[in-house]
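# Descriptive analysis of the structure
Here are the chains, one letter per residue:
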Amino acid sequence: MTKKLLFVFSFILGISNFHATHKIEEEPQSLLYCDTNAPTGVQMSNITLTTGTVTWTADPNTPDNMIRYRIPGTTFWMTGTPVSGQNSFTITGLQPCTVYEVQVSKTCITQGTWSNPIFFATTLNYCTSASTDTTMMHISNVTVTSTGITTPMVSDSGASNYTDYRTDVNRRIKFLVGSVGNKISVNHTWTGTPGSITVTAWIDINGNGIFESNERVLVANNVTSAAPAVSIFSIPGYPTLPASVVGGCGVAMRVISRQTFPTDACGTFTYGEVEDYGVDFIDLTLGVEESLKSKKPEIYPNPASDVLNISGISEAADYEIYNAVGQKIDEGRVSNHQVNLNHLSKGVYFIQLKDKEKVTRLKFIKK
């Protein structure tokens, strides 16, 4: 009897060991090695007015990820579709000319740690263009006189390979829809003996983010320091000028000065300079205020040294300043449309503006 009981006990124990062993062997490999650490290498690319693609460093042991994004300052996170087996996700349906923050986490049985936030703004991203050497000459002044606009845009500048003035409200250019007789003038400063250069300017009339050949408003060859490059041009009416760009955002004018004639508005070259300017189209039949009703708060100068000027906000606006990794380092009330930057070290920052129910986040550089 004892031998029979011992046999039964051994048999049951053997079955239990078999099931335990079988369970371990069948355990998904990912559950043994996956982790919940925050993903690394998070960045944004392919940004448009309504979309943006977030990518991160792939972890083959933890292939499942989750994305979330929101307008900074708001409490509600929008969550993207869970991503499995790839390290990118395209966010769609975003608001034009709006700053967003996005984070990525791994999912491994439980929700992992969220990555540091990455901030990006939905805007028209134009092709890059710049010189590599400004020792021969550089653009020293761009003046645009717009028909029907009282004050011309005057931009004096020093030497640089490329300067983006699109966020500088003092350098924004306004055109009336269907206007004729608009004028652009470009002056240069030379080092040494002046030679001859080509000066070209484009305006993205159709707002598609491409400077096309039929959008050139200035083409001047054999330009020297003796005389500026000048052009008189028209701004088309509807439908050549899409109604969507009136009161919109992101449309730009690009000015290129270089030794040789450019085939397009993209790429690098040796001697010269490139400057980009923001453009507003105004329809007088709607009224100036209505045609510019979607204009966003803007900051200038950028880079800034001591004071950051802010337009498009009320005097009751509050601000918060974050460093490049998303840490809040300052806050207060905007005074006389200005924020003092003397206490900041050199670097890249984000300023978040809270004006009544409206929240805007903009990037600036302290120099």
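Residues numbered from 1 in each chain as written. Predicted model: local features only at pLDDT ≥ 70, side-chain atom pairs only at ≥ 80, totals over all residues. Heavy atoms only, no water.

## As for the sheet that holds strand β21 (residues 298-300)
Pairing is antiparallel across the open sheet formed by 3 strands, whose spatial order is β21-β22-β25. Bordering the open sheet on either side are β21 and β25 (338-340), each of which pairs with just one other strand. Strand-to-strand, the axes of this sheet are offset by a mean angle of 25°, without reference to chain direction. Two strands pair when backbone bridges link them, and β21 and strand β22 (residues 307-311) are joined in this way by 3 bridges, in the antiparallel orientation. In the sheet register, Tyr300 faces β22, and the bridge partner there is Asn309. (Pairing = 2+ DSSP bridges. Helix = DSSP H or I, 4+ residues; strand = E, 2+ residues; numbered from the N terminus. Axes fitted to C-alpha atoms, helices over the stretch in contact; angles between N-to-C directions.)

## Quick look at the state of the cysteines
As used in these notes, a disulfide is a covalent bond between sulfur atoms, one from each of two cysteines. Considering all chains together, one arrives at 1 disulfide under this definition. Sulfur-sulfur distance for the disulfide between Cys127 and Cys266 comes to 2.0 Å. Here Cys127 and Cys266 share a disulfide; its torsion about the S-S bond, -85°, makes the bridge left-handed. In this pair, Cys127 is assigned in the loop between β9 (118-121) and β10 (129-133) and Cys266 in the loop between β19 (252-258) and β20 (267-282), connecting sequence segments 139 residues apart. Classification of Cys266 as partly exposed rests on a relative accessible area of 34%. (Disulfide = S-S within 2.5 Å. Buried < 20%, exposed > 50% of the residue type's maximum accessible area, 1.4 Å probe, protein only.)

## What to know about the confidence of the model for the protein chain
The predicted model of the protein chain averages 84 in pLDDT, with 87% of residues at 70 or higher. Within the protein chain, no element has a lower average pLDDT than helix α1 (residues 2-26), which sits at 44, and none a higher one than strand β18 (residues 229-233), at 97. Within the model, the stretch residues 2-13 combines pLDDT values under 50 with 0 contacts to residues more than four positions away or in other chains. Throughout residues 15-32 the model reports pLDDT below 50, and contacts reaching past four residues in sequence, or to other chains, amount to 3 contacts. (pLDDT = per-residue confidence, 0-100. Contact = heavy atoms within 4.5 Å.)

## Topic: the pattern of salt bridges
Tallied over the full model, the rule gives 11 salt bridges. A salt bridge links Asp164 to Arg166; the nearest nitrogen and oxygen atoms lie 2.9 Å apart. With a relative accessible area of 30%, Asp164 lands in the partly exposed category. The residue Arg172 makes a salt bridge to Asp280 at a minimum N-O spacing of 2.9 Å. Of this pair, Arg172 sits in the loop between β13 (162-164) and β14 (173-176) while Asp280 is found in strand β20, placing the two residues 108 residues apart along the sequence. Each member of the pair Arg172 and Asp280 is classed as buried. A single salt-bridge network, built from bridges that share partners, covers Glu320, Lys328, Glu331 and Lys354. (Salt bridge = Lys/Arg side-chain N within 4 Å of Asp/Glu carboxyl O.)

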